[in-house]
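# Architecture and fold: a report
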Amino acid sequence: MTPPQAAPAPAGLPSPTATALLTDRYELTMLQAALADGTAHRRCVFEVFTRRLPPGRRYGVVAGTGRLLEALPDFRFTATELDWLADARVVDDATLEFLAGYRFGGSVRGYAEGEVFFPQSPLLVVEGTFAEAVLLETLVLSVLNHDSAVASAASRMTSAAVDRPCLEMGARRAHEEAAVAAARAAVVAGFAATSNLEAGRRYGLKTIGTAAHAFTLLHDDEEAAFASQVAALGPGTTLLVDTYDVRRGVERAVAAAGTGLGAVRLDSGDLGVLAHEVRRQLDGLGATGTRIVVTSDLDEYAIASLAAAPVDSYGVGTSVVTGSGAPTCGMVYKLVAREGRDGALAPVEKRSTAKISVGGRKEAARRRGPDGRAVEEVLVVGPDASVVTWAPDDEALRPLLVPLVTDGEVDASWTGPAGVVRARDRHRASRDELPRGARRLSADEAAVPTVTLRLPGRD
C-alpha cells in the first residue's frame, strides 16, 4: 500500500525560512554600510548581559546555549534567501555577494549553560569581525532571552518543590517551536520530564502523559473509561479522578486498577485539601503506594503552598513556558571593543541614560566564602592583553567563562541530549552554590552583589 503523501504547499506561499532570515533587517543594513565604508572587517568584541533581573528575582539561569550552538552551523544565506533579499531590495549587490559566502569564523565564550547569573554578568562574549558578529545579534538574543526566562522560572519551581518532581506540560500554551525550546529549558533547570514528544525526540528527554478529561467524557461512565485506560496502559498508569466527583473517582480508579494503581491526578479544586483527603482515601483502600499528581495552573507560589500536602509530583504548564511573569530576561548584545585605525583593540561603551554599558573585554568569576557558597560576582576589566591572559590567583574565585566556539568550530559537547544533561548538572551545582536564603520566593535583591576587579596596566 502506498503511504500517504504530504500535500504540497499552496502555490505562491514561501517555504519555511532558514535560520539566517530569522533576524532583524537592520543587522543587514548595518552590514551594507560597514562594507561600503571599510569598517566591516574590523575585529570586534560583542557581549551579552542583562542590566537588571526581573522585579523580585534573586538570580537568573542561562539556558539556550546548546540550541544556539546547534543553530550556528545552519546560519547560511542560500539562493532562496538571497533571491528574496534581492527582490525585496533589502541590501545591495555587494552585500548579497558577501552574504552568499557568509560563515561565522569567530570565537564565542560564555557562561556554561545552566549557570546562574546576575546583573552585568557577561553571559556570552562573541569575537570576530564586525560583519561576522553583528549578524548573530538577533539569533543570540531570541534564543537566550526565551530559554533563560523559562529556565529561570523553572528553577524557582524546582526549588520550591524540593525533592518532588516537576513535570513540564505547557506545549498548548506556546508556539509549537517555543514549546520544544521551553521543555528543554525546563529540564535544564531541574524538571524531570515533559509532555512534548518532539522535545523528547530531539533532546532525549523523558516524556509523560496518559489521558485528559475528554477520554473520560468519551465513555458512557467513569468506570468504563478507567477500565479502558488500565487495559491499554496497565495498572501503573495515572488516572484522572476529578472529571465528576473526586471521592467516587478514587474509588472507581482503585476498583479498575487494583491497589497497584500507579497514580491519580487532581486537576481542579483546592489541591491542598483534596490531596490530604485523597491520600487518606487511597491508604484506606489499601493503595498505599499510589502517587498523587497535581496540575491546574501551578506556579512556584502554588507549589510552595503545597509543601505540607501529600503530593508526589507537580505538573506545570502555562507558568513555566511563559517565564512565570517574566517572559524575557532583558538580555542585550552590545559592542564593547573594536579595532581602531591603528589596529589596536579599543574599548567602546554606550552612555545613554539608564542604558549604560561598560566598555572593554571582560572575564568573570564567582567568589566563594569559606563555606563554599557564593558571596560575589566578579567582573574582571582592564587592558585587553591583561584580561585575555587573566587567571585567578585565589582559590576562592571560580572562573565562569568557557569556550563554546573556536575559530568557527562549535564545541559539540554542549549540544544535543548530552548537552542537556551537562547543562542540568551545571545548574544543580551552580544553584547549590548560592548563599542560604537565595532561593526564597519573596521579592528581594540579587542574591550576590556584582563587583569589579580592575587589572593594572595601560589601555
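Residues numbered from 1 in each chain as written. Predicted model: local features only at pLDDT ≥ 70, side-chain atom pairs only at ≥ 80, totals over all residues. Heavy atoms only, no water.

## Notes on the pattern of salt bridges
Scanning all chains against the criterion turns up 30 salt bridges. Arginine 252 is the salt-bridge partner of glutamate 222, the closest N and O atoms lying 2.8 Å from each other. Residue glutamate 222 is found in helix α10 (residues 222–233), and its partner arginine 252 is found in helix α11 (residues 246–257); the two are separated by 30 residues along the sequence. For glutamate 222, a relative accessible area of 2% puts it in the buried group. In this structure, the salt-bridge partner of glutamate 251 is arginine 248, at a minimum N-O distance of 3.5 Å. Of this pair, glutamate 251 and arginine 248 both sit in helix α11, 3 residues apart, roughly one helical turn. With a relative accessible area of 35%, glutamate 251 lands in the partly exposed category. Taken together, the shared-partner salt bridges connect Glu115, Arg366, Arg368, Glu377, Arg398, Arg426 and Glu433 into one network. (Salt bridge = Lys/Arg side-chain N within 4 Å of Asp/Glu carboxyl O. Helix = DSSP H or I, 4+ residues; strand = E, 2+ residues; numbered from the N terminus. Buried < 20%, exposed > 50% of the residue type's maximum accessible area, 1.4 Å probe, protein only.)

## Considering empty space enclosed by the protein
What the rule picks out here adds up to 5 cavities of 30 Å³ or more. Of the pockets and cavities examined, the largest cavity occupies roughly 80 Å³. As for the largest cavity, its lining consists of 13 residues, of which Pro54, Arg57, Gly60, Ser152 and Cys329 are closest to the centre. Taken as a whole, the second largest cavity holds about 70 Å³ of empty space. Along its surface, the second largest cavity is lined by Leu68, Leu69, Leu72, Val108, Leu124, Val126, Leu136, Leu139, Val140 and Val405. Listed by contribution, the elements that provide at least two residues to the lining of the second largest cavity are α2 (65–71), β5 (124–129) and α6 (137–161). (1 Å grid on protein atoms, 1.4 Å probe; cavity = no way out; pocket = protein on both sides within 12 Å on 5 of 7 lines; lining within 4 Å. Points joined across faces, edges and corners; volume = space filled by probe spheres on them.)

## With respect to the nonpolar core
Soluble, globular proteins show a tendency: their nonpolar side chains are buried together. With 62 residues, the main nonpolar core has Phe191, Leu266, Val294, Ile303, Tyr314 and Val320 as its most contacted residues. Each residue touching leucine 266, except ones within four places of it in the same chain, is listed here: Val241, Asp242, Val246, Leu271, Leu274, Ala275, Val278, Ile292, Val293, Val294 and Thr295. Among the nonpolar cores identified, the runner-up in size contains 58 residues, and Val108, Phe130, Met331 and Tyr333 belong to it. (Core = buried A, V, L, I, M, F, W, Y, C linked by side-chain atoms within 4.5 Å. Contact = heavy atoms within 4.5 Å.)

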